[in-house]
Amino acid sequence: ATLGALRDDLPARAIKLGMLGSKEVIEVVVDFLKGYTGLVICDPVMVTTSGTKLLDDAATGLLMDSVFCECALITPNLLE
């Protein structure tokens, strides 16, 4: 519902993505981005400061293959 409002009611010129958390969430974002024409900034949160992975390999691959290519700017931390 929130993404629909962003698209339909309050069209943003730019959006910033942070921790997406799972493959399922990333798939929803990918679907939203197909019709989005503004700038996309991604600050991926994939690894904790202690080095623990927060996304499994399938989710990381989907993020890198399907979201990053839609981004004007990606701001990962060193471990990501």
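Presented here is a report on the structure given in the accompanying data block. (Residues numbered from 1 in each chain as written. Predicted model: local features only at pLDDT ≥ 70, side-chain atom pairs only at ≥ 80, totals over all residues. Heavy atoms only, no water.)

**Here we look at the overall build of the protein**
Then comes step 1: Scanning the protein from N- to C-terminus turns up 3 helices and 3 strands.
Then comes step 2: The secondary structure elements of the protein, listed N-terminal to C-terminal, are α-β-α-β-α-β.
Then comes step 3: Rg of the C-alpha trace for the protein: 13 Å, near the compact-globule value of 12 Å for 80 residues, within the 12% margin.
Then comes step 4: With the C-alpha coordinates aligned to their principal axes, the bounding extent of the protein is approximately 40 × 20 × 20 Å.
Then comes step 5: For the protein, the proportion of its 80 residues judged to be buried stands at 28%.
Then comes step 6: Look at the contacts in the protein between residues 6 or more apart in sequence, and 71% of them connect residues 24 or more apart.
Then comes step 7: With the model as given, the accessible surface of the protein reaches about 5200 Å², and the carbon-plus-sulfur share is 57%.
Then comes step 8: Positive and negative side-chain charges of the protein, numbering 6 and 11 respectively, have mean locations separated by a distance of 4 Å. (Helix = DSSP H or I, 4+ residues; strand = E, 2+ residues; numbered from the N terminus. Rg over C-alpha atoms; globule rule 2.2 N^0.38 Å. Buried < 20%, exposed > 50% of the residue type's maximum accessible area, 1.4 Å probe, protein only. Contact = heavy atoms within 4.5 Å. Areas by Shrake-Rupley, 256 points an atom, 1.4 Å probe, with all protein chains shown as cover. Lys, Arg positive; Asp, Glu negative; His and termini not counted. Charge placed at Lys NZ, Arg CZ, Asp CG, Glu CD.)

**Brief notes about helix α2 (residues 23–34)**
Then comes step 1: An ideal rise of 1.5 Å per residue puts 16 Å on 12 residues; α2 measures up with 17 Å between its terminal C-alpha atoms.
Then comes step 2: Three or more residues of α2 are buried, namely I26, V29, V30, F32 and L33. Relative to the axis of α2, the buried residues are bounded by an arc of 160 degrees and lie together on one face. For α2, the exposed residues set more than 90 degrees away from the buried face come down to E24, D31 and K34. (Expected span 1.5 Å × (residues − 1). Arc of directions from axis to C-beta.)

**A word on the pattern of salt bridges**
Opposite charge on two side chains lets them pair, provided their charged atoms get close.
Then comes step 1: This model, assessed by the stated rule, comprises 3 salt bridges.
Then comes step 2: The salt bridge partner of D31 is K34, with a shortest N-O separation of 3.4 Å. Here K34 and D31 lie together in helix α2, a separation of 3 residues that amounts to about one turn. Like D31, the residue K34 is exposed in the burial classification.
Then comes step 3: When the shortest N-O distance is used, the salt bridge between D57 and K53 registers 2.6 Å. In this structure, D57 and K53 share a single accessibility class: exposed. (Salt bridge = Lys/Arg side-chain N within 4 Å of Asp/Glu carboxyl O.)

**Considerations on the side chain of T60**
Then comes step 1: Along the polypeptide, T60 turns up in helix α3 (residues 57–67).
Then comes step 2: Among residues more than four places away in sequence, those in contact with T60 are M46 and L55.

**Focus on α3**
Then comes step 1: Within the sequence span of α3, burial applies to A59, T60, L62, L63 and V67. When α3 is viewed along its axis, its buried side chains cluster within an angular range of 165 degrees and face the same direction. Of the residues in α3, the exposed ones pointing more than 90 degrees away from the buried face are D57 and D65.
Then comes step 2: At its buried positions, α3 is contacted by β1 (14–17) and α2.
Then comes step 3: At the N-terminal end of α3, a side-chain oxygen is found 3.2 Å from the backbone nitrogen of A58, two or three residues along, and the residue is D56. (Polar contact = N/O pair within 3.5 Å; in protein donor to acceptor, adjacent residues only side chain to side chain.)

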